Amino acid sequence: MSYIPPSSPFTNYPRQGMGPDARTLRLLADGYFGLSTAFVLNIVMNFAGRAVGTAAGQTGGVGGIAILLGYVLIMLIAIAAVTYPQNKKIGEGLGWSPSGPIIASLLMGLNSALCCGAIGYVVVQGMVAKKFKEVGAPRGFFGYKKAELYAFIDQLGMGQPAPPSGTI
């Protein structure tokens, strides 16, 4: 039987000093919760889009199409602009290339303009949640609680070992 040293990256459980540092986790947490706020704006804009669609239908013809195209363009730009700072934090935390946050934000904006847009948020937040899970961050039934996650990150930043899940 071969011997695997305790600090080996091939162990089956996280060890102190391996994985993302507290700064990286804070960037990921800021982006994660920032995207939740952006999603609320997305929902509000989609409800407003219903009114725009009704107005465009009543206008009809070229004017109606112009109204719809204008709305799609405004939605794309607004959602991309709101999600970009959050995606930039997430991109830095996950090691994306500099174009990654731009592409993610544009895709989220396009997806939001053409349908509800939830898919982009779920995918990006899922990538972040995977990192949180890898370091053993405490998770509740409905996801991560902001106060608990930041307390966990602060504890890691002070060099203290992470508490067992559910004790914060």
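Residues numbered from 1 in each chain as written. Predicted model: local features only at pLDDT ≥ 70, side-chain atom pairs only at ≥ 80, totals over all residues. Heavy atoms only, no water.

Enquirer: Go over the overall build of the protein chain with me, naming the residues and quoting the values.
Expert: Helix and strand counts for the protein chain stand at five helices and zero strands. Along the protein chain, from the amino end to the carboxyl end, the secondary structure elements read α-α-α-α-α. Taking all 168 residues of the protein chain together, 33% fall into the buried category. Within the protein chain, contacts between residues at least 6 apart in sequence are counted, and of these 66% link residues at least 24 apart. (Helix = DSSP H or I, 4+ residues; strand = E, 2+ residues; numbered from the N terminus. Buried < 20%, exposed > 50% of the residue type's maximum accessible area, 1.4 Å probe, protein only. Contact = heavy atoms within 4.5 Å.)

Enquirer: Help me get a handle on the layout of surface pockets, residues and values and all.
Expert: Approximately 230 Å³ is the volume attributed to the second largest pocket. If you go around the second largest pocket, you meet 13 residues; those closest to its centre are N46, G49, R50, Y71 and C115. Taken together, the elements giving at least two residues each to the lining of the second largest pocket come down to helix 1 (22-59), helix 2 (61-94) and helix 3 (100-114). Looking at the lining of the second largest pocket residue by residue, the class counts come to nine nonpolar, three polar and one charged. (1 Å grid on protein atoms, 1.4 Å probe; cavity = no way out; pocket = protein on both sides within 12 Å on 5 of 7 lines; lining within 4 Å. Points joined across faces, edges and corners; volume = space filled by probe spheres on them. Nonpolar A, V, L, I, M, F, W, Y, C, P; charged D, E, K, R; others polar.)

Enquirer: Can you break down the packing of aromatic side chains residue by residue, with the values?
Expert: The final tally for this structure, using the stated rule, is seven aromatic pairs. Pairing Y32 with Y144 gives two aromatic rings, centres 6.0 Å apart and planes at 85 degrees, and the pair type is edge-to-face. With Y32 in helix 1 and Y144 in the loop between helix 4 (118-135) and helix 5 (146-157), the pair connects residues that are 112 residues apart, well separated along the chain. Here the aromatic rings of F141 and F142 are separated by 4.9 Å at their centres, their planes lie at 85 degrees, and the arrangement is edge-to-face. Accessibility expressed as a relative area gives 79% for F142, which makes it exposed. The ring centre of Y144 lies 5.6 Å from the NZ or CZ of R139, which sits over that ring. (Phe/Tyr/Trp six-rings, centres within 6.5 Å; stacked < 30°, edge-to-face > 60°. Lys NZ or Arg CZ within 6 Å of the ring centre and 35° of its normal.)

Enquirer: Account for the packing of helix 1 against helix 5, naming residues and giving values.
Expert: Viewed as axis vectors pointing N to C, helix 1 and helix 5 meet at an angle of 165 degrees, and their least axial separation amounts to 9 Å. By the angle class used here, helix 1 and helix 5 are roughly antiparallel. Judged by the twist between their axes, the crossing of helix 1 over helix 5 is left-handed. In contact with A22, L25, R26, A29, D30 and F33 of helix 1, helix 5 contributes K146, L149, Y150, I153, D154, L156 and G157. Grouping the constituent residues of the contact of helix 1 with helix 5 by class yields eight nonpolar, one polar and four charged. (Axes fitted to C-alpha atoms, helices over the stretch in contact; angles between N-to-C directions. Parallel < 35°, antiparallel > 145°, perpendicular 65-115°, else oblique. Left-handed = near helix turned anticlockwise from the far one by under 90°.)

Enquirer: How would you explain a nonpolar patch on the surface if you had to name every residue and give the values?
Expert: There is a patch of nonpolar side chains on the surface, built from I103, L107, L110 and L114 and spanning about 400 Å² of accessible area. Its location among the elements puts I103 in helix 3. Judged by its relative accessible area of 47%, I103 is partly exposed. (Patch = residues over 30% accessible without salt bridge, like charges linked within 9 Å, V, L, I, M, F, W, Y side chains within 5 Å. Areas by Shrake-Rupley, 256 points an atom, 1.4 Å probe, with all protein chains shown as cover. Salt bridge = Lys/Arg side-chain N within 4 Å of Asp/Glu carboxyl O.)

Enquirer: A description of the pattern of salt bridges should follow, citing residues and the corresponding values.
Expert: Where side chains of opposite charge bring their charged atoms close, a pairing between them can arise. All told, the structure shown has three salt bridges when counted by the stated rule. For the salt bridge of E134 with K131, the shortest nitrogen-to-oxygen distance reads 3.6 Å. Taken as a pair, E134 and K131 lie in helix 4 at a separation of three residues, close to a single helical turn. Overall, the relative accessible area of 25% leaves K131 in the partly exposed class.

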